[in-house]
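Breakdown of the fold
Here are the chains, one letter per residue:
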Amino acid sequence: MKIVVIGGTGLIGSKLVNHLREKGHEAIAAAPNTGVNTITGEGLAEVLKGASVAVDVSNSPDWEDSAVLKFFETSTRNLLTYEGAAGVRHHVALSVVGTQQLSESGYFRAKMVQENLIKESSIPYSIVHATQFFEFLKGLADISMVDGKVHLPPVLFQPMAADDVARGVARIAVGPPVNGIVEIGGPEQFRVDELVRRRLASLKDPREVIADPNAGYDGAKVGEKTLVPGNNAWLGETRFESWLAQSASQTPGAQPQPTGSAVMTNEKESLKKVS
Ligand SMILES: NC(=O)c1ccc[n+]([C@@H]2O[C@H](COP(=O)([O-])OP(=O)(O)OC[C@H]3O[C@@H](n4cnc5c(N)ncnc54)[C@H](OP(=O)(O)O)[C@@H]3O)[C@@H](O)[C@H]2O)c1
């Protein structure tokens, strides 16, 4: 199957392209530096020619409220228009668990606009809601700074490795459209403040992390379970400590990890269905 991955050079996109190729599909990485731009429309007609599936794992380069809204709105409209003309039969998009409850954040308002455009279009679709990526924990600290300290709500969350996100999205992309939302998440639950504190410690980042019940998630109020997926979610198997050990071993100059801790036993079978 020809599968076009919009944002195919990014964190999730590049892993997704590899997983799809491993499964024998013709996966094309589409992004501005491969000559495809969803904002200007450049290269879209050409890359989508003959494609059965388009997967959108792009992200806005600018997260300021109006910029991110403009990005997801323009990009999604263009994509759906060109996909319709090319006869694409399945549009898959990556979004975030809890998006509907996070509308106080400009970023999540933009993701909601993206999702609504997809739902209103005539192209069969699957929207994948993933939990936060382990790779994003430092970024989460960066957007949660108040007076030099990281303020985060001590609510539950269930983040996952980017590699598992890519596997989860790949499974959906090669299956039939669900015309709805599918959730994917990590294998363990944590408190947001606790895990960001552990991640910063692993990076020797001295910033203090405050468990602040009044702090939002990217400016949006969150409840105890806003960030965790439901019981039917597909779960990646990479545990946080394994990911941490693996990412440390990939960092230039990193110390060798204790025996056993760096072993990713679940590379082949990373997803299992729960309930
Ligand atoms: N962070 C999280 O924890 C989290 C959780 C759940 C879901 N998500 C979702 O996951 C998605 C992917 O995130 P990511 O971290 O993998 O993103 P990323 O690494 O920032 O990659 C973004 C990709 O989009 C491409 N792109 C940017 N502008 C484009 C344009 N005009 N036309 C075509 N492609 C364009 C980029 O290409 P260039 O590099 O060439 O600019 C890059 O390939 C996002 O939609 C996000 O909402 C994130």
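Residues numbered from 1 in each chain as written. Predicted model: local features only at pLDDT ≥ 70, side-chain atom pairs only at ≥ 80, totals over all residues. Heavy atoms only, no water.

Assigned secondary structure in the chain consists of eight helices and 13 strands. In terms of overall size, the chain behaves like a compact globule, its C-alpha atoms giving a radius of gyration of 19 Å where 275 residues would be expected to give roughly 19 Å. The C-alpha extent of the chain, read off along each of the three principal axes, is 50 × 40 × 40 Å. Put simply, of all contacts in the chain between residues at least 6 apart along the chain, 81% involve residues at least 24 apart. Summing over all exposed atoms, the chain offers an accessible surface of approximately 12,500 Å²; the carbon and sulfur share of this is 51%. Of the side chains in the chain, 27 bear a positive and 31 a negative charge, and the two mean positions are spaced by 4 Å. (Helix = DSSP H or I, 4+ residues; strand = E, 2+ residues; numbered from the N terminus. Rg over C-alpha atoms; globule rule 2.2 N^0.38 Å. Contact = heavy atoms within 4.5 Å. Areas by Shrake-Rupley, 256 points an atom, 1.4 Å probe, with all protein chains shown as cover. Lys, Arg positive; Asp, Glu negative; His and termini not counted. Charge placed at Lys NZ, Arg CZ, Asp CG, Glu CD.)

So, about the packing of aromatic side chains. Overall, the coordinates contain ten aromatic pairs when judged by the stated rule. Summarising the aromatic geometry, the rings of Trp 63 and Tyr 107 are spaced 4.7 Å apart at their centres and angled 40° between planes, so their arrangement reads as tilted. Of this pair, Trp 63 sits in the loop between strand E3 (53–56) and helix H3 (65–86) while Tyr 107 sits in helix H4 (residues 106–120), and the two are 44 residues apart along the sequence. Between Trp 63 and Phe 136, the aromatic rings sit 6.1 Å apart at their centres with planes inclined by 45°, giving tilted as the arrangement. Taken together, the residues span a long stretch of sequence, with Trp 63 in the loop between E3 and H3 and Phe 136 in the loop between strand E5 (125–130) and helix H5 (137–142) at a distance of 73 residues. (Phe/Tyr/Trp six-rings, centres within 6.5 Å; stacked < 30°, edge-to-face > 60°.)

Glancing now at the pattern of salt bridges. Per the counting criterion, the structure on display carries 13 salt bridges. Here Arg 109 makes a salt bridge to Asp 65, at a shortest N to O gap of 3.4 Å. Here Arg 109, found in helix H4, pairs with Asp 65, found in helix H3; they are 44 residues apart in sequence, far enough to count as distant. Taken together, the salt bridges that share partners define one network made up of Lys 138, Asp 142, Asp 205 and Arg 207. (Salt bridge = Lys/Arg side-chain N within 4 Å of Asp/Glu carboxyl O.)

What follows is about the sheet that holds strand E6 (residues 145–146). Across the sheet, three strands lie side by side as E6-E7-E11; this open sheet has mixed pairing. Strands at the two margins of the open sheet, each flanked by one partner only, are E6 and strand E11 (209–211). Note that strand E7 (residues 149–152) and E11 share three bridges and pair parallel. Along E11, the bridge assignment pairs Val 150 with Val 209. Those strands touched by helix H7 (residues 192–202) are E7 and E11, and its axis lies near 170° from that of E11. (Pairing = 2+ DSSP bridges. Axes fitted to C-alpha atoms, helices over the stretch in contact; angles between N-to-C directions.)

Neighbouring residues of the ligand: 26 residues in total, closest Thr 9, Leu 11, Ser 58, Tyr 107 and Lys 111. Here Asn 59 contributes a backbone N or O atom positioned 3.3 Å from an oxygen atom of the ligand. Relative to its unbound accessible area of 950 Å², the ligand is 81% covered by the protein chains. Among the elements that take part in the shell around the ligand, strand E4 (residues 90–96) stands out by supplying three residues, more than any other. The residue inventory of the shell around the ligand, partitioned by class, reads 14 nonpolar, eleven polar and one charged. (Near = heavy atom within 4 Å. Polar contact = N/O pair within 3.5 Å; in protein donor to acceptor, adjacent residues only side chain to side chain. Nonpolar A, V, L, I, M, F, W, Y, C, P; charged D, E, K, R; others polar.)

In the contact formed by H7 and helix H8 (residues 240–250), the axes pass within 12 Å of each other and the chain directions differ by 20°. By the angle class used here, H7 and H8 are roughly parallel. Viewed along their axes, H7 and H8 form a crossing whose handedness is right-handed. Here Leu 195, Arg 198, Arg 199 and Ser 202 of H7 lie close against H8, whose contacting residues are Phe 240, Glu 241, Trp 243, Leu 244 and Ser 247. For the contact of H7 with H8, the per-class residue count stands at four nonpolar, two polar and three charged. (Parallel < 35°, antiparallel > 145°, perpendicular 65-115°, else oblique. Left-handed = near helix turned anticlockwise from the far one by under 90°.)

Okay, the nonpolar core next. Core analysis: the biggest nonpolar cluster contains 30 residues, and Phe 157, Val 192, Val 196, Leu 227 and Phe 240 have the highest contact counts within it. Those elements that place two or more of their residues in this core are H3, H4, H5, E7, H7 and H8. The leading source of residues in this core is H7, at four residues. Once residues within four sequence positions are removed from consideration, Val 192 is found in contact with Leu 140, Leu 152, Pro 153, Val 155, Leu 156, Phe 157 and Leu 227. Grouped together as the second largest cluster of nonpolar side chains are 24 residues, Ile 3, Val 92, Ala 130 and Val 169 included. (Core = buried A, V, L, I, M, F, W, Y, C linked by side-chain atoms within 4.5 Å. Buried < 20%, exposed > 50% of the residue type's maximum accessible area, 1.4 Å probe, protein only.)

Detailed reading of the predicted coordinates is not advisable wherever pLDDT falls low. Taken as a whole, the chain shows an average pLDDT of 92; of its residues, 91% reach a score of 70 or greater. Across residues 254–275, confidence stays below pLDDT 50; counting only partners more than four residues off in sequence or on other chains, it has 43 contacts. (pLDDT = per-residue confidence, 0-100.)

By the element assignment, Thr 99 lies in the loop between E4 and H4. With a relative accessible area of 0%, Thr 99 lands in the buried category. The contacts of Thr 99, once residues within four sequence positions are left out, are Phe 108, Lys 111, Met 112, Glu 115 and His 129.

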